[in-house]
Amino acid sequence: MVGKEYPSEKQCFKDSKTGSEIIQLTKGPSNNRHIYFVDNSFTLGDKEIVFTSDRSSERPFVYNYFKMHLDTGIMTQLTDEPNGISRGTKTPDSQFIVYVAGNKMKKLNTETGVNEVIYELTDPHFKMTIPFISPDKKYAGVILDEVVNVERGDNYSGFKEKMYANKIGKIKLVYLDGSKAFDIYEDTHYLEHFQFAPDDPTIAMFCHEGPWNLVQQRIWILDLVSRSVIPCFRQGEDDCVGHEFWTRDGRIFFDNRRKGHDGTITSSRTQATIIPETTDEAPYIGFANRQGELERKVDMPFYCNHYHANIDSTLLVGDEVDDLVLIDIKTDQAKLKTLCTHNTSWCKGDTHPHPTFSWDNSKILFRSDRDGGNVQLYLVNLDQVFD
């Protein structure tokens, strides 16, 4: 199946709320996911995206990698894992894709077509989460979390229980040539979101995962040379922090929902909205430096479930309950503009829009099950929004 081409499924429609043109990239009976928002599905140059889809599988939710040429819409299959891919990442130029299939970490060189196992996890007490490739393309970092007797399901079910059950988390470095792999850090928490700094393979961050109002300190900066950590933005009692990512200019972005917010949104559509009578603390977003110090804070008169920043961190895209919004943060007074509806169900993680900018910031990619069926990919060109 590797190399098989699928015809374009592109179609355009006008958004019912704003009139913005939305390009639906995928449709039909398949489910489709772009790469997680802390990463980027676009290939440098923004002519194509890399994504996962179950279109080649006989069973739903058995995902493989594909690339799509955005001009033609033609999709080409890149992997053929019979039991599917659980987690993955790529380099910005899409030369390497690193993914987890079962207990194996594999590396695909998209230029040569060579696909090889670079690490095999043999300890049944742990499982691998999302890998992340260092900016020098020498190794991938991945978190190993305990396998616990907690079932995760839709609408964040099992989220809190998993946080309390996980007592050991490890960070492992795996060399991309497959020559070696070793644990570089061990913790006593449920870990997630390992990410290398965009310009320094010796610096990374990760998070203590769980409901935001229960996690004492969410973000940690890891020095991979000294194998030591420091807290990033030292949290107080009323801070509820999450959805951290490295900005293009090398800072750490985070969302602080403030007192009592657990960081979730579900199909009930209640948790990511501000109800004035329930809180007197405005949420805000922050930018921290590599010493973990808060450099900038912008109050937010609204909640979004996820944010992504443009090249110079002057514009954010976020997913409110039913809409995608653009948030101008050139000044400390955030200005909101509705981009389009996404109308996703929020029932499970695959349905979360996770909007992301293209590398040149001219496009927004997101996903949704807006038609009440399978998860599809959508694109908005910002040129027509700012004409």
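A few points on the structure.

### Here we look at the environment of Gly28
- Within the secondary structure layout, Gly28 lies in the loop between strand 3 (21-24) and strand 4 (32-34).
- Separated by 152 residues in the primary sequence, Gly28 and Lys180 place their C-alpha atoms 42 Å from one another.
- Ignoring any residue separated from it by four or fewer positions in sequence, one finds Gly28 in contact with Asn374 and Gln376.

### What to know about the packing of aromatic side chains
- Per the counting criterion, the structure on display carries 17 aromatic pairs.
- Relative to Phe196, the ring of Phe194 has its centre 5.0 Å away and its plane inclined at 90°; by these criteria the two rings are edge-to-face.
- In this structure Phe194 comes out as buried when scored by relative accessible area, which is 2%.
- What makes Phe196 buried here is its relative accessible area of 1%.
- Aromatic rings pair up to connect Tyr36, Phe37, Phe245, Phe253, Phe287 and Tyr307 into one cluster.
- The lysine or arginine in question, Arg55, covers the ring of Tyr6, its NZ or CZ lying 5.8 Å from the ring centre.
- For the cation-ring pair, Arg257 lies above Tyr303, with the distance from its terminal atom to the ring centre recorded as 5.6 Å.

### Overview of the environment of Val225
- If you trace the backbone, Val225 turns up in the loop between strand 19 (219-223) and strand 20 (228-231).
- Residues Val225 and Ile184, spaced 41 residues apart in sequence, show a C-alpha to C-alpha distance of 9.1 Å.

### Overview of the side chain of Asn64
- The topology assignment puts Asn64 in strand 6 (residues 64-69).
- From its side chain, Asn64 meets the backbone nitrogen of Glu81 in a polar contact 2.6 Å long.

### Describing the nonpolar core
- Counting residues in each nonpolar core, the largest one holds 17 residues, and the members touching the most others are Ile285, Met300, Tyr307, Leu316, Ile327 and Ile329.
- Ignoring sequence-local partners within four residues, the contact set of Ile327 consists of Met300, Phe302, Cys304, Tyr307, Thr314, Leu315, Leu316, Ala334, Lys335 and Leu336.

### Thoughts on the sheet that holds strand 19
- Reading across the sheet, the 4 strands line up as 17-18-19-20 and stay open at both edges, with antiparallel pairing between neighbours. Taken across any chain shown, the strands that pair with only one partner, and hence form the sheet edges, are strand 17 (191-197) and strand 20. Across the sheet, the mean angle separating the axes of adjacent strands is 25° when strand polarity is ignored.
- With 5 bridges joining them, strand 18 (residues 200-208) and strand 19 adopt antiparallel strand pairing. Each bridged residue has a counterpart across the sheet, and for Cys207 the counterpart in strand 19 is Ile219.

### Side note on the environment of Lys330
- Mapped onto the fold, Lys330 is located in the loop between strand 27 (323-328) and strand 28 (335-341).
- A residue is classified by how much of its surface remains accessible, and Lys330, at 58% relative accessible area, is exposed.
- Separated by 15 residues in sequence, Lys330 and Leu315 place their C-alpha atoms 7.2 Å apart.
- Residues in contact with Lys330, not counting those within four places in the same chain, are Arg296 and Thr314.

### Some words on the side chain of Gln24
- Assignment of secondary structure puts Gln24 in strand 3.
- A residue is classified by how much of its surface remains accessible, and Gln24, at 5% relative accessible area, is buried.
- Here the side chain of Gln24 touches Thr26 through a polar contact of 2.9 Å, landing on its backbone oxygen.
- Leave out the neighbours within four places in its chain, and Gln24 touches Glu9, Lys10, Gln11, Phe13, Gln376, Leu377 and Tyr378.

### Notes on the pattern of salt bridges
- A complete count under the given rule lists 21 salt bridges for this structure.
- Linking Arg290 and Asp199 is a salt bridge whose minimum nitrogen-to-oxygen distance equals 2.6 Å. Separated by 91 residues along the polypeptide, Arg290 in the loop between strand 23 (284-288) and strand 24 (294-299) and Asp199 in the loop between strand 17 and strand 18 bring together distant segments of the chain.

### Topic: the sheet that holds strand 28
- Read across the open sheet, the 4 strands follow the order 25-26-27-28; overall the sheet is antiparallel. The open sheet has two edge strands with one neighbour each: strand 25 (307-309) and strand 28. Neighbour-to-neighbour, the strand axes of this sheet turn through a mean angle of 25°, independent of strand direction.
- Looking at chain direction, strand 27 and strand 28 are connected through 6 bridges and run antiparallel. Within strand 28, the position partnered with Leu324 by the bridge is Cys340.

### Overview of unusual backbone geometry
- At His354, a position not held by glycine, the phi torsion is positive, near 45°.
- On the accessibility criterion, His354 (4% relative accessible area) is buried.
- Of note, the phi angle at Asn361 is positive, near 70°, even though the residue is not glycine.
- Mapped onto the fold, Asn361 is located in the loop between strand 29 (356-357) and strand 30 (363-368).
- What makes Asn361 buried here is its relative accessible area of 16%.

### Focus: the state of the cysteines
- Throughout the structure, instances matching the rule amount to 0 disulfides.
- Residue Cys340 stays outside any disulfide, its sulfur separated by 12 Å from that of Cys304, the closest cysteine.

The rules behind the values
- Residues numbered from 1 in each chain as written.
- Predicted model: local features only at pLDDT ≥ 70, side-chain atom pairs only at ≥ 80, totals over all residues.
- Heavy atoms only, no water.
- Helix = DSSP H or I, 4+ residues; strand = E, 2+ residues; numbered from the N terminus.
- Contact = heavy atoms within 4.5 Å.
- Phe/Tyr/Trp six-rings, centres within 6.5 Å; stacked < 30°, edge-to-face > 60°.
- Buried < 20%, exposed > 50% of the residue type's maximum accessible area, 1.4 Å probe, protein only.
- Lys NZ or Arg CZ within 6 Å of the ring centre and 35° of its normal.
- Polar contact = N/O pair within 3.5 Å; in protein donor to acceptor, adjacent residues only side chain to side chain.
- Core = buried A, V, L, I, M, F, W, Y, C linked by side-chain atoms within 4.5 Å.
- Pairing = 2+ DSSP bridges.
- Axes fitted to C-alpha atoms, helices over the stretch in contact; angles between N-to-C directions.
- Salt bridge = Lys/Arg side-chain N within 4 Å of Asp/Glu carboxyl O.
- Disulfide = S-S within 2.5 Å.

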